[in-house]
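# Summary of the model geometry
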Amino acid sequence: MRLLIIEDDQRLARLMRRMLAEEHYTIDVAHDGEEGLDLALQGVYEIAIVDWMLPSRDGPTICRAIRAARTPMALLLLTARGQLEDRVKGLDSGADDYLVKPFAFEELLARVRALSRRFTPSGSDTSELRVGEIVLDLRSHTARRGNRVLDLTPTEWNLLEYLMRNVGLSLSRQQILDYVWSYERDVQIALVDVYISYLRRKLNAPGESDPIMTVRGVGYRLEASRV
């Protein structure tokens, strides 16, 4: 699952990023409200953790802009403001939850887990992704095809996760680039083809069909019927 942290306190942002990464979330960080909103509107995040007081745009303004754009994600608003009227204002701006600073990291993790359950469609298993014989275990951060363990790099994991979350859909190279390398600068779109090749080598043993279909002139699609 991919999370976005929009927090101008760089020390706090580093601590949250490290803690959430240990739980196997993929994390991007922005320290400015305008930059954070631009990233959020890419539509590649399941959850955004947004500070109230930020340069350029404050947290409630960011939440309203995300809701106005109908970008699907859960929003957790962080603030030192603990008064009832502030909580109401934050939730009315479109935030799904509200956490007052200072907070225990255990509580932050619990709030993120709760939001991830609410974001995931009812009845689905949040502990794994499964397409045919391909399984990503989101708790142990392991991947397998049938009984064969897949030794994936973090980039390969993110690529496979994105394909599995969009099984049957044709994804453009730009969409894949925006998701897998969303916060990196000067990344060439040809890198998508390179990592698709890497992923195919690990995903497909001799005699197995290749579930990643090349869509000419567009990009790639994961086909459940070929797994």
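Residues numbered from 1 in each chain as written. Predicted model: local features only at pLDDT ≥ 70, side-chain atom pairs only at ≥ 80, totals over all residues. Heavy atoms only, no water.

### Some details on the overall build of the protein chain
- Broken down by element type, the protein chain carries eight helices and twelve strands.
- A principal-axis box enclosing the C-alpha atoms of the protein chain has dimensions of 65 × 35 × 30 Å.
- Burial statistics for the protein chain: of 227 residues in total, 44% are counted as buried.
- Counting contacts in the protein chain only where the partners sit at least 6 residues apart, residues at least 24 apart contribute 57% of the total.
- In the form shown here, the protein chain has an accessible surface area of approximately 11,400 Å², with 48% of it arising from carbon and sulfur atoms. (Helix = DSSP H or I, 4+ residues; strand = E, 2+ residues; numbered from the N terminus. Buried < 20%, exposed > 50% of the residue type's maximum accessible area, 1.4 Å probe, protein only. Contact = heavy atoms within 4.5 Å. Areas by Shrake-Rupley, 256 points an atom, 1.4 Å probe, with all protein chains shown as cover.)

### Structural notes on the sheet that holds strand β12 (residues 219-222)
- An order of β10-β12-β11 is seen for the three strands of this open sheet, with the pairing classed as antiparallel. In this open sheet, the two edge strands, each paired with only one partner strand, are β10 (171-172) and β11 (212-215). (Pairing = 2+ DSSP bridges.)

### Comments concerning unusual backbone geometry
- In this structure, the amide linkage connecting Lys-101 to the following residue, Pro-102, adopts the cis form with an omega of -10°.
- In this structure, Pro-102 sits in the loop between β5 (97-100) and α5 (105-119).
- The phi torsion at Ser-56 lies on the positive side, around 75°, for a residue other than glycine.
- As for its position among the elements, Ser-56 is in the loop between β3 (47-51) and α3 (59-68).
- Under the relative-accessibility criterion, Ser-56 is labelled exposed at 58%.
- Although it is not a glycine, Arg-70 adopts a positive phi angle of roughly 55°.

### Here we look at the environment of Ser-93
- In this fold, Ser-93 is placed in the loop between α4 (84-92) and β5.
- Through-space distance from the C-alpha of Ser-93 to that of Ala-69 is 13 Å; in sequence the pair is 24 residues apart.
- Ser-93 has contacts with Pro-60, Cys-63, Arg-64 and Arg-67, leaving out every residue within four places of it along the chain.

### Looking at the pattern of salt bridges
- Within this structure, the stated rule accounts for 15 salt bridges.
- When the shortest N-O distance is used, the salt bridge between Arg-67 and Asp-96 registers 2.7 Å. Here the residue Arg-67 occupies a position in helix α3, and Asp-96 occupies one in the loop between α4 and β5, the gap between them amounting to 29 residues.
- Among the residues examined, Arg-67 registers a relative accessible area of 29% and is labelled partly exposed.
- Since its relative accessible area comes to 28%, Asp-96 is described here as partly exposed.
- Across the salt bridge formed by Arg-145 and Glu-208, the nearest N and O atoms sit 3.7 Å from each other. Here Glu-208 lies in the loop between α8 (190-203) and β11 and Arg-145 lies in strand β8 (residues 142-145), a separation of 63 residues in the sequence. (Salt bridge = Lys/Arg side-chain N within 4 Å of Asp/Glu carboxyl O.)

Interpretation in functional terms is not warranted from these geometric data alone.
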